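Here's the letter readout for the chains.
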Amino acid sequence: MWDDAFPSFLIGLREGLEAGLIVSVLVATLVRAGAKSRLPQVWTGVLGAIALSLSFGAVLTFTAASLSATAQEAFGGTLSVIAVAFVTAMVFWMRRSARNLSGEIREKVTSALAMGTGMLIVTSFLAVGREGLETALFLWTTARAAGESAGPMIGAGIGLVIAAGLCWGLYRRVLKINLTKFFTATGVVLIVIAAGVLGYGLRDLQEGGVLPGKAAFAFDLSQNIDAGSWYGTLVQGVFNLTPSMTWLQVVAYVAYLAVVMTLFVRGVRGTRPAKAGAEAKTEAVQDKTSDEAAEKAPRRRPAWLVPAAVVAVPAVAAGAVVAFSGSKPAGAQTVAVSEKECGKGFTAPQPGRQTFQMHNTGDKASEVYLVDPATNAVYGEIEGLAPGTTRDLVATVGGGEYAWRCVPTGGKAVTSAPVRVSGGGNVKAVKPVSEEDLAGPLKAYKDYVAKGLATLTDQTGKLSDDIQHGDLDAARTDWLTAHRTYSSLGAAYGTFEDFDKKINGRTAGLPDGVRDKNFTGFHRVEYGLWHGESADDLRGPAQQLQQDAQGLQKAFPTQDFDPSDLPLRTHEILENTLQFELTGAADQGSGTMLATADANLAGTRELLDVLRPLIAARNPQLLTTVNGDIDREQKLLDAAHHDSAWTPVDKLDTATRDRLNGATGQLLEDLAPIPDLLEIRKSA
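Cut-offs applied
Residues numbered from 1 in each chain as written. Predicted model: local features only at pLDDT ≥ 70, side-chain atom pairs only at ≥ 80, totals over all residues. Heavy atoms only, no water. Helix = DSSP H or I, 4+ residues; strand = E, 2+ residues; numbered from the N terminus. Buried < 20%, exposed > 50% of the residue type's maximum accessible area, 1.4 Å probe, protein only. Contact = heavy atoms within 4.5 Å. Areas by Shrake-Rupley, 256 points an atom, 1.4 Å probe, with all protein chains shown as cover. Phe/Tyr/Trp six-rings, centres within 6.5 Å; stacked < 30°, edge-to-face > 60°. Patch = residues over 30% accessible without salt bridge, like charges linked within 9 Å, V, L, I, M, F, W, Y side chains within 5 Å. Salt bridge = Lys/Arg side-chain N within 4 Å of Asp/Glu carboxyl O. Lys, Arg positive; Asp, Glu negative; His and termini not counted. Charge placed at Lys NZ, Arg CZ, Asp CG, Glu CD. pLDDT = per-residue confidence, 0-100. Core = buried A, V, L, I, M, F, W, Y, C linked by side-chain atoms within 4.5 Å. Pairing = 2+ DSSP bridges. Axes fitted to C-alpha atoms, helices over the stretch in contact; angles between N-to-C directions. Disulfide = S-S within 2.5 Å. Parallel < 35°, antiparallel > 145°, perpendicular 65-115°, else oblique. Left-handed = near helix turned anticlockwise from the far one by under 90°. Nonpolar A, V, L, I, M, F, W, Y, C, P; charged D, E, K, R; others polar.

A. Molecular detail of the overall build of the protein. Counting its regular elements, the protein contains 21 helices and 12 strands. A buried classification covers 49% of the 684 residues belonging to the protein. Counted over contacts in the protein with a minimum sequence separation of 6, partners at least 24 positions apart contribute 77%. Taken as a whole, the protein presents about 31200 Å² of accessible surface, with 58% of it coming from carbon and sulfur.

B. Local environment of the packing of aromatic side chains. Counting across every chain of the model gives 11 aromatic pairs. Ring geometry for Tyr445 and Phe561: centres 6.4 Å apart, planes at 85°, overall edge-to-face. Residue Tyr445 is found in helix α12 (residues 435–468), and its partner Phe561 is found in the loop between α16 (535–555) and α17 (565–581); the two are separated by 116 residues along the sequence. The pair formed by Tyr445 and Phe561 is uniform in burial state, with each residue classed as buried. Geometrically, the ring pair formed by Tyr486 and Phe496 is tilted, given 5.9 Å between the ring centres and 50° between the ring planes. With a gap of 10 residues between them, Tyr486 in helix α13 (residues 472–487) and Phe496 in the loop between α13 and α14 (499–504) connect regions that are remote in the sequence. A relative accessible area of 0% places Phe496 in the buried class. Following the ring pairs from residue to residue traces out a cluster consisting of Trp479, Tyr486, Phe496, Phe522, Trp530 and Phe556.

C. Quick peek at a negative patch on the surface. A contiguous patch of negative charge, built from Glu435, Glu436, Asp437, Glu497, Asp498, Asp560 and Asp562, is present on the exposed surface. Here Glu436 shows up in helix α12.

D. Summary view of the environment of Leu601. Tracing the sequence through the fold places Leu601 in helix α18 (residues 593–616). Under the relative-accessibility criterion, Leu601 is labelled buried at 0%.

E. Region of interest: the confidence of the model for the protein. Here the protein shows a mean pLDDT of 79. Residues at 70 or above account for 74%. Note that pLDDT drops below 50 for residues 101–112; the model gives that stretch 30 contacts with residues more than four away or on any other chain.

F. Fine view of the nonpolar core. Counting residues in hydrophobic clusters, the biggest one holds 65 residues, and the most contacted among them are Ile467, Phe496, Phe522, Leu594, Leu611 and Ile615. Setting aside anything within four residues of it in sequence, one finds Ile615 in contact with Leu608, Pro620, Leu622, Leu623, Ile674, Leu677 and Leu678.

G. Main features of the sheet that holds strand β3 (residues 333–337). Ordered by their spatial adjacency, three strands build an open sheet running β3-β4-β7, and the pairing between neighbours is mixed. Whereas interior strands pair on both sides, the edge strands pair on one side only; in this sheet they are β3 and β7 (390–397). Each strand axis lies, on average, 35° off the axis of its neighbour in the sheet, ignoring direction. Pairing geometry for strand β4 (residues 352–360) and β7, over eight bridges, is antiparallel. Within β7, the residue paired with Phe356 across the bridge is Leu393.

H. How the structure looks around the environment of Gln459. Following the sequence through the fold, Gln459 ends up in helix α12. Spatially, the C-alpha atoms of Gln459 and Leu480 are 9.9 Å apart, while their sequence positions differ by 21 residues. Excluding its chain neighbours within four sequence positions, the residues that come into contact with Gln459 are Thr481, Ala482 and Thr485.

I. Structural view of a nonpolar patch on the surface. A contiguous nonpolar patch, built from Ile154, Ile158, Ile162 and Leu166 and spanning about 340 Å² of accessible area, is present on the exposed surface. The partly exposed category is assigned to Ile154, whose relative accessible area is 45%.

J. Summary view of the state of the cysteines. The tally for this structure, following the rule as stated, stands at one disulfide. The disulfide partner of Cys342 is Cys406, and the gap between their sulfur atoms is 2.1 Å. Handedness of the Cys342-Cys406 disulfide follows from its S-S torsion of about 85°: it is right-handed. With Cys342 in the loop between β3 and β4 and Cys406 in strand β8 (residues 400–408), this residue pair connects regions lying 64 residues apart in the sequence. No difference in accessibility class separates Cys342 from Cys406, as the two residues are buried.

K. The packing of helix α15 (residues 522–529) against α16, seen in detail. Where α15 contacts α16, the two axes come as close as 9 Å, and the packing angle between them is 155°. Classified by the angle their axes make, α15 and α16 are roughly antiparallel. Taken as a pair, α15 and α16 cross one another with a handedness that is left-handed. Across the interface between the two elements, Phe522, Arg524, Val525, Gly528 and Leu529 from α15 touch Asp537, Leu538, Pro541, Ala542 and Leu545 from α16. In terms of residue class, the contact of α15 with α16 is made up of seven nonpolar, one polar and two charged.

L. Just the packing of α13 against α15, in detail. Where α13 meets α15, the axes come as close as 11 Å, and the angle between the chain directions of the two elements is 155°. Relative to α15, the element α13 lies roughly antiparallel. By crossing handedness, the relation of α13 to α15 is classed as left-handed. Between α13, through Leu472, Ala475, Arg476, Trp479, Ala482, His483 and Tyr486, and α15, the contact on the second element is made entirely by Phe522, His523, Val525, Glu526 and Leu529. Per-class residue counts for the contact of α13 with α15 are eight nonpolar, two polar and two charged.

M. Spatial organisation of unusual backbone geometry. Here the phi dihedral of Asn376 falls at roughly 65°; this positive angle occurs in a residue that is not glycine. With respect to the secondary-structure elements, Asn376 resides in the loop between β5 (366–371) and β6 (378–385). Even without being glycine, Asp643 reaches a positive phi, approximately 55°. Residue placement: Asp643 occurs in the loop between β11 (641–642) and β12 (645–646). On the basis of relative accessibility, which here comes to 76%, the residue Asp643 falls in the exposed class.

This is how it looks when you write it as structure tokens:
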């Protein structure tokens, strides 16, 4: 259960910190200002956000409602940007109020606080609501994939409790800070937090397709920094900084900090110094005055009315959604999904587009497919159907036989009795792929890589010899030859396990950068060759590179290569290219990133060649489209190759660089369906 609980623990800790830091500062602000009567406004916003999050989780759990991945990102990103706007307004309201709190009379303090009444509710609601919705969505997804909810719920609960404890510690600390320093410190903290939330929200909007530039990375340290570690979780939770960030995120983060922090600091410097006696007197009478004012103020409505409303409204709305979705569409069949009842309730449907309500009656999460029992061709599918839940499966039905295949997590695949549909035309289905189908392409690709590694070993040996004899000009030429060979072997997303970091690692995440002892491999030698290091300085790194290449050649035959990973490589190799080579992020002085991109394209072409028969049997038009994309990309790369020289990425004119990035992005988009097309589907 811990395997399911730990990811939820981290998300609970992170989301709890993101929400709790802002709320704790708001509460401390009111307490220090002697405005405890305003605390119910903060807690009303928090209560409303919690009610909304729980209601959202109920809708996800008890209905077929499910936001698409892009819709989830766009929704979260929009909430983030709105939250930043309110937090920013709150910061400057705090700064204005500080002038009154420094020593003015109590009436002006109360007036200043009254200006923020509605803002308190909305700010606390957004701070907690955004994170609460994300947490509900994450827990629902995790429970659905795991097939049980106890582990994820326990893990998230522990994370939230720890986050609450950390925020309580912050609250207690700021209560002891001098009032003027308090407003300055908390304002700075909120600005830094808001900058991170803005960057995070813009990334969500990019992922949701609302904003462009989702693949334009300013940096990517994901290979050197573990985002799932405890320290990574804390950094993301407090500052919303991630190991990889796009240019839009970085520019927005820096610009927000620069502009807002400058305005805030100028405002603080312009604040009149507080008179110690007046401030002490003001602080001494604030609680009493606030409480007396609250007692004398006429009550226009019961104190419980607003909190009750903020709980009732989302609960009633969620209940209505659940009740409404409980009525199935006209003509829809409810079909059972489990090892014992797979296909129960399934009768011959009418030809045409049909909606089936798939209800998991078992105790394990399950995949379910509508198949042709004779050929195993798939007409429709649902992945990760959690126990006790119902989701719609929409498929077009023609003439022929149909059956349901239920594949419980960790269980045996079961196929229902077939039914025959009369009438209707032919319907296109996806021909299934088995491990046996991928065995041949996998063997061919492993043979290609093994041959390439043998060549690589020889080439790194020649590079080492060049440096050993002090011929650095020859070494530069042979370095590029060897690096292109390595880059054509598809070393993406851990293909070569730990060897890739040794052979082709970058400086990202290394404390001493290019001088770090763990900076090894091609890029270490590249840095030395193009930054004036002597042959003596480079002998060690070159020999180490040769030894690592030999080690990889020896280890590769025993390395695990899942057949289902093979279709993924068609997309992942060029994802790396777009992040590192076409941004120039991996360049250590040689200016040959386009040569590496050319080698990556060659590796992608090799993968497509071994998978071509499987793709052609399922979607021949896709191959035509992809081939056209590759030709267009190749022409752009060839135009940057002049004899033995390559144009550095940063020397490309803007139009050419945009065309190259656009062509790579289009190729990636057209390659994206291949993993789903060649997904291994379990048969009975």
